[in-house]
Amino acid sequence: MVLIHGMFSNLSIYYFNIAPVLAKHFHVVMYDLKSHGMSERFTDGYDLESMSSDVLALMDVLNLKKVHLAGYSFGGLIALKTALKAPERISRLVVIEAPDPQDEKARNIIDEYSKEFLEHYVANFTDTTKVQMGKRQMEKNHRMYEFLFEKTSIKADMIREKHFLGEANFSELDTPTLLLYGSESNCKPTGEWLKTQIIPSELELISGDHNVPIQEPAQIAEAMVHFLSQSLTKTVTQNHG
Amino acid sequence: MDTINNTLQLNHEELFTLLKGFITEVIGAEFVEEMDITPDSSFTKDLEMDSIEIVSFSEKIKAHFGDQIDFTGWLSSMDLDELINLDLRMIINYIYECQ
């Protein structure tokens with residue numbers, strides 16, 4: 001199975017707690033999105049069409065014909081786009097906390113970005129994780145944000161995807177889908193809406209907010225294993241019964 | 001005929017040198033020059049390594065020792081406080097015992 005992380009993050013969101021649980025059942029592939037984590041930097045191609053082509057190209061290189069695909073946050077949108085584009089290559093889909101790109105808050109981060117924003121972010125980071133972000137990390141993060149926001153097409157590409165959810169034809173999607181959302185998340189309405197659009201889907205709420213994979217990694221991993229291991233008949237029955 | 005053992009057990013000093021080399025590859029020689037890396041260096045506080053850098057470091061350990069060591073499994077068994085306090089000596093001792 002292939003795991004896609006979210007925007008401004010990297011594969012470490014899965015690596016330590018979620019992937020080891022999945023790896024007991026599946027061959028797990030994680031990768032860093034372009035310009036994220038340890039991946040090479042690119043100036044363009046941050047729209048869902050390009051990002052989903054990247055997933056399929058990765059599968060081609062690894063000789064994976066059909067996979068379970070999971071994505072978190074913006075990665076969840078990439079996963080949805082990939083399943084719409086190449087349904088024959090996705091056996092099951094897990095969408096974790098995919099936001100509605102029409103929501104201004106997600107896109108405003110880009111407009112509001114400045115070193116002050118990062119410092120504020122770091123202060124909150126320190127509160128929640130008890131780890132002080134050092135000077136080298138500050139600079140490294142600052143360089144990544146600065147590159148993405150000022151040297152790439154990420155902002156324009158994200159604005160172009162504003163109407164993705166409304167325009168996508170989810171009724172044609174017959175890939176069994178698990179929607180995992182935080183019970184306190186701002187994105188929960190998107191999960192509830194997707195549940196009404198994707199026929200073979202189920203919505204599971206886990207205690208937490210948008211950061212639920214960090215807050216409850218064990219529950220996220222177990223929910224995924226449970227969904228991906230159950231027989232197809234059961235999935236269909238659950239959703240129609 | 002004797003079989004040559006290629007996976008000779010490394011001592012603590014050799015492990016320290018090996019791991020220091022991995023850290024240098026991950027965070028870059030220019031930063032390592034400014035740091036005094038010792039067995040007491042902690043990953044998050046002293047070396048300022050973030051999660052993706054610890055991933056790279058783990059992958060290097062995996063590539064070097066193979067199935068001999070379940071480094072990721074060992075890390076994921078730790079809680080947040082243990083991870084924050086993780087230092088090189090703890091890793092050296094862990095690998096030494098696994099060998």
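Below is a short write-up of the structure. All of these numbers come straight from a predicted model, not from anything done at the bench.

1. Observations regarding the nonpolar core
Soluble globular proteins tend to bury their nonpolar side chains together.
Residue and element names in this part refer to chain A.
Here is step 1 of the chain: Core analysis: the biggest nonpolar cluster contains 74 residues, and Leu-69, Ala-70, Ala-79, Val-94 and Val-95 have the highest contact counts within it.
Here is step 2 of the chain: Counting residues per element, this core draws most heavily on helix α4 (residues 74–85), at six residues.
Here is step 3 of the chain: Discounting residues that sit within four places of it in the chain, Ala-70 has contacts with Met-1, Leu-3, Ile-4, Ala-79, Val-94, Ile-96 and Met-224.

2. Brief notes about the interface of chain B and chain A
Here is step 1 of the chain: Listed by partner, the interface residues are 13 residues for chain B and 14 residues for chain A.
Here is step 2 of the chain: Those elements that place two or more of their residues in the side of chain B that touches chain A are α3 (51–65) and α4 (71–76) of chain B.

3. Here we look at the environment of A:Glu150
Here is step 1 of the chain: Mapped onto the elements of the fold, A:Glu150 is located in helix α7 (residues 135–151).
Here is step 2 of the chain: Considered as a pair, A:Glu150 and A:Thr43 are 107 residues apart in the sequence and their alpha carbons are 9.6 Å apart.

4. Remarks on the environment of A:Arg41
All names here are of chain A.
Here is step 1 of the chain: With respect to the element layout, Arg-41 can be found in the loop between β2 (29–30) and α3 (48–61).
Here is step 2 of the chain: Judged by the 12 C-beta atoms lying within 10 Å of it, Arg-41 falls in the exposed class.
Here is step 3 of the chain: In sequence terms Arg-41 and Leu-148 are 107 residues apart; their C-alpha atoms lie 8.9 Å from each other.
Here is step 4 of the chain: Arg-41 has contacts with Ser-35 and Phe-147, leaving out every residue within four places of it along the chain.

The rules we used
- Residues numbered from 1 in each chain as written.
- Chains lettered and ligands numbered in written order.
- Predicted model: local features only at pLDDT ≥ 70, side-chain atom pairs only at ≥ 80, totals over all residues.
- Core = buried A, V, L, I, M, F, W, Y, C linked by C-beta atoms within 7 Å.
- Buried ≥ 20, exposed ≤ 12 C-beta atoms within 10 Å, placed from the backbone.
- Helix = DSSP H or I, 4+ residues; strand = E, 2+ residues; numbered from the N terminus.
- Contact = placed C-beta atoms within 7 Å.

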